[in-house]
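Coordinate analysis (summary)
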Amino acid sequence: MRVMGVDPGLTRCGLGAVQGRPGAPLTLVDVGVVRTAADDDIGVRLVAIEAEIERWLDQHKPDVLAVERVFAQHNLRTVMGTAQASAVAITCAARRGLPVALHTPSEVKAAVTGSGTADKKQVGLMVTRLLRLAEMPKPADAADALALAICHVWRGGLTNRMADAIAKARASAPPSRIRRGSAS
């Protein structure tokens, strides 16, 4: 499975792609960061992020996009920028019919380090080790994007298999006698 991770942000949007499957060594495909200037118009910033995500999707042809789930923070401005960049990534994937998985920061940290409260340095060190890199990806947004992709390979594969099994079971089950949306 090839997974592209997106650590959304307006100033720095981390992008990372890995190839692998659960239980097997992972391979780095690419890693990078889209940077936009804080004093640029919001529309210009979002278009720049979109263009780079589209370029990555064309170049790396992922099977799925893993995006950090936006969570509540005290800084509303940060949350808004993260949500806007996240929406751009999700829209780019949807245009192509690519599935999108949302993972919380604590879920990603737990998958990569074993602790949902790991700090950025611990995440970066484990990403470096898991992908057998010579040095830690910088800035942290790049390492975080790779961590999202790794998390999805390891956790998303199981989730996808479970969803497939449930769908097959439902398809082979006898039809229900209860009709929804009807008073009879």
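Below: a short report on this structure. (Residues numbered from 1 in each chain as written. Predicted model: local features only at pLDDT ≥ 70, side-chain atom pairs only at ≥ 80, totals over all residues. Heavy atoms only, no water.)

**Comments concerning the pairing of strand E4 (residues 64-68)**
The buried count for E4 comes to 5 of 5 residues, which makes it a mostly enclosed element. Residues Val64, Ala66 and Glu68 point to one face of E4 and Leu65 and Val67 to the other, with burial holding for every one of them. For E4 and strand E5 (residues 100-103), the ladder comprises 4 bridges, and the chain directions are parallel. Counted as the bridge partner of glutamate 68 is histidine 103 from E5. (Buried < 20%, exposed > 50% of the residue type's maximum accessible area, 1.4 Å probe, protein only. Helix = DSSP H or I, 4+ residues; strand = E, 2+ residues; numbered from the N terminus. Pairing = 2+ DSSP bridges.)

**Examining the environment of threonine 27**
Within the fold, threonine 27 resides in strand E3 (residues 27-35). Along the sequence, threonine 27 and arginine 2 sit 25 residues apart, while their C-alpha atoms lie 9.4 Å from each other. Beyond its immediate chain neighbours, meaning those up to four positions away, threonine 27 contacts Ala17, Val18, Gln19, Leu131 and Arg132. (Contact = heavy atoms within 4.5 Å.)

**Remarks on helix H4 (residues 120-130)**
When we look at burial in H4, the residues that qualify are Val123, Gly124, Val127, Thr128 and Leu130. Residue arginine 132 follows H4 closely and has a positive phi angle near 55 degrees.

**Brief notes about the sheet that holds strand E2 (residues 12-19)**
Read from one edge to the other, the open sheet built from 5 strands follows the order E3-E2-E1-E4-E5, with strand pairing classed as mixed. If you trace the sheet from one side to the other, it starts and ends with E3 and E5, each paired once. Between one strand axis and the next, the sheet turns by 20 degrees as a mean value, whatever way the strands run. Where E2 and E3 come together, 8 bridges link them in antiparallel fashion. Opposite valine 18, over in E3, you have leucine 28 as the bridge partner. Contacts from helix H2 (residues 76-96) reach strand E1 (2-7), E4 and E5, with the element oriented near 170 degrees to E4. (Axes fitted to C-alpha atoms, helices over the stretch in contact; angles between N-to-C directions.)

**Some words on the packing of helix H1 (residues 42-60) against H2**
Here H1 crosses H2 at 40 degrees, and the two axes come no closer than 9 Å. Relative to H2, the element H1 is oriented oblique. Along this stretch, H1 crosses H2, giving a crossing that reads as right-handed. Listed contacts from H2 to Ile42, Leu46, Ile49, Glu50, Ile53, Glu54, Leu57 and Asp58 of H1 are Gln84, Ala85, Val88, Ala89, Cys92, Ala93, Arg95 and Arg96. In terms of residue class, the contact of H1 with H2 is made up of 10 nonpolar, 1 polar and 5 charged. (Parallel < 35°, antiparallel > 145°, perpendicular 65-115°, else oblique. Left-handed = near helix turned anticlockwise from the far one by under 90°. Nonpolar A, V, L, I, M, F, W, Y, C, P; charged D, E, K, R; others polar.)

**Describing the pairing of E2**
For E2, the tally of buried residues reaches 6 of 8 residues, placing the bulk of the element in the interior. Across 6 bridges, E1 lies against E2 in antiparallel orientation. Residue pairing for E2: methionine 4 is matched across the bridge by alanine 17. Between E1 and the antiparallel strand that follows it, E2, lie 4 residues.

**Overview of the environment of alanine 48**
Its place among the elements puts alanine 48 in helix H1. For alanine 48, a relative accessible area of 33% corresponds to the partly exposed category. In the structure, alanine 48 is positioned 12 residues away from threonine 36 in sequence and 7.3 Å away in space, judged by C-alpha atoms. Those residues in contact with alanine 48 that lie beyond four places of it in its chain are Val34 and Thr36.

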